[in-house]
Amino acid sequence: MKFGGSTFSSIEFSGRSSLVLFFVGCPLNCPYCHNPELVSGNSNNDETDIEEVFKIIDESKDYLDAVVFSGGEPLYQLNALEELLNYSKNLGLETKLDTSGIYPKKLKKILHLIDYIALDIKAPFDKYKEISGCNFGEKVKESMDLINEYNENNKIDENNENKNNENKNNENENNGNSQRTIFLECRTTYSSYFLSKEDIYRIAKEIRCDLYTIQQFRSKVNLDDRLEGLNSPSPFELKEMALEINSIFENNLNNNPNFKNISIKSAEFGNQKIIKDSEILND
Ligand code: SF4
């Protein structure tokens, strides 16, 4: 497989101790991509035997809660991803996938192996071409719908399972095959150079997930050199947008059928969750 290395993180998976594995290769060319060395996948130096990656997981498994699959686009190498997901699950570890969502069919094959998905929403779905240069909006929406549908089906299964169990006076205990849902985070990288605030508000109305995160664009390392040195939006600007989204849903995200939590992510303050009107909570 084409492998771009690994790192440890306590913030990539909600405070869990995680091993992050970087997959090389991505068909997109987002100008603001901050892992440009992982995008092209042209170098033979990246070729790694998957057994080597198993070894990296084995060496740290005693200190880990989870493995995060990031990139690049991990679904670009579906077979390797599936093998590593299975390997991690067999060790009892939780799994997270970072994806652009452009491969819904591939995603469908491995949903049962994933606990958490961070899905990039680069623009309102009908503005993908205009903003990201690629006409993938429909594919990304398909991926999002697929995950939500999977969760809905599993919730229904859980309910039916409970009813069945009641009817059978708990004779059967689900045979160890308990159903579970996937935590879905949708996230957008914001800069006024390629998105307007109205675009962010439109995205907030179009998505359906557990958590929406507005991320700060950083101009330090980008795929497109022309972005170098551009100003990053301030954390306060991100907070203002998050609060505006909150007010769109009458200052109560519980009125929002699309997602219950919103957070902002900046280099200055890390992850911050909007908990009420104007309060924020550091992760
Ligand atoms: S930001 Fe993600 S989807 Fe875009 S080029 Fe980089 S790795 Fe690919």
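Going by the structure above, here's the rest.
Attention in this report is confined to the structure presented alongside it. None of the values given here were measured: they were computed from a predicted structure. (Residues numbered from 1 in each chain as written. Predicted model: local features only at pLDDT ≥ 70, side-chain atom pairs only at ≥ 80, totals over all residues.)

## Observations concerning helix H6 (residues 197-206)
Among the residues of H6, those classed as buried are Ile200, Ile203 and Ala204. What you see down the axis of H6 is that its buried residues fit within an arc of 100°, all on one side. Residues of H6 that are exposed and point over 90 degrees away from its buried face: Glu198 and Lys205. Of the surrounding elements, those touching the buried residues of H6 are strand S6 (183-190), strand S7 (211-216) and helix H7 (235-248). (Buried ≥ 20, exposed ≤ 12 C-beta atoms within 10 Å, placed from the backbone. Helix = DSSP H or I, 4+ residues; strand = E, 2+ residues; numbered from the N terminus. Arc of directions from axis to C-beta. Contact = placed C-beta atoms within 7 Å.)

## Some points on the site of the ligand
Contacts to the ligand come from Cys26, Leu28, Asn29, Cys30, Cys33, Asn35, Val39, Gly71, Gly72, Glu73 and Ser100. Among the residues forming the shell around the ligand, the class breakdown is five nonpolar, five polar and one charged. (Near = placed C-beta within 6 Å. Nonpolar A, V, L, I, M, F, W, Y, C, P; charged D, E, K, R; others polar.)

## Focus on the packing of H6 against H7
At their nearest, the axes of H6 and H7 sit 10 Å apart, and the two run at 45° to each other. Taken together, the axis directions place H6 and H7 in an arrangement best described as oblique. Once H6 is placed against H7, the crossing between them reads as right-handed. Facing H6, whose interface residues are Lys197, Ile200, Tyr201 and Ala204, H7 presents Met241, Glu244, Ile245 and Ile248. (Axes fitted to C-alpha atoms, helices over the stretch in contact; angles between N-to-C directions. Parallel < 35°, antiparallel > 145°, perpendicular 65-115°, else oblique. Left-handed = near helix turned anticlockwise from the far one by under 90°.)

## Looking at the packing of helix H1 (residues 50-60) against helix H2 (residues 78-90)
Following both chains from N to C, one finds H1 and H2 inclined at 30°, their axes separated by 11 Å at the closest point. Accordingly, the angle class assigned to the pair H1 and H2 is roughly parallel. In this structure, H1 meets H2 at a crossing whose hand is right-handed. Packed against H1, whose contacting residues are Ile50, Val53, Phe54 and Ile57, the element H2 presents Ala80, Glu83, Leu84, Tyr87 and Ser88 at the interface. Taken together, the residues of the contact of H1 with H2 break down into seven nonpolar, one polar and one charged.

## Describing the pairing of strand S9 (residues 270-274)
Bridge count for strand S8 (residues 261-266) against S9 is five bridges, and the pairing is antiparallel. For Lys265, the partnering residue across the bridge sits in S9 and is Asn271. Hairpin connection from S8 to S9: three residues lie between these consecutive antiparallel strands. (Pairing = 2+ DSSP bridges.)

## Structural notes on the pairing of strand S3 (residues 66-71)
Counted residue by residue, S3 has six buried out of six residues, so it is predominantly covered. Bridge count between strand S2 (residues 18-23) and S3: six bridges; the pairing is parallel. When the bridges of S3 are listed, Ser18 appears paired with Ala66. Inspection of the sheet shows S3 paired to strand S4 (residues 94-99) by four bridges, in the parallel sense.

That's the geometry; what it means functionally is another story.
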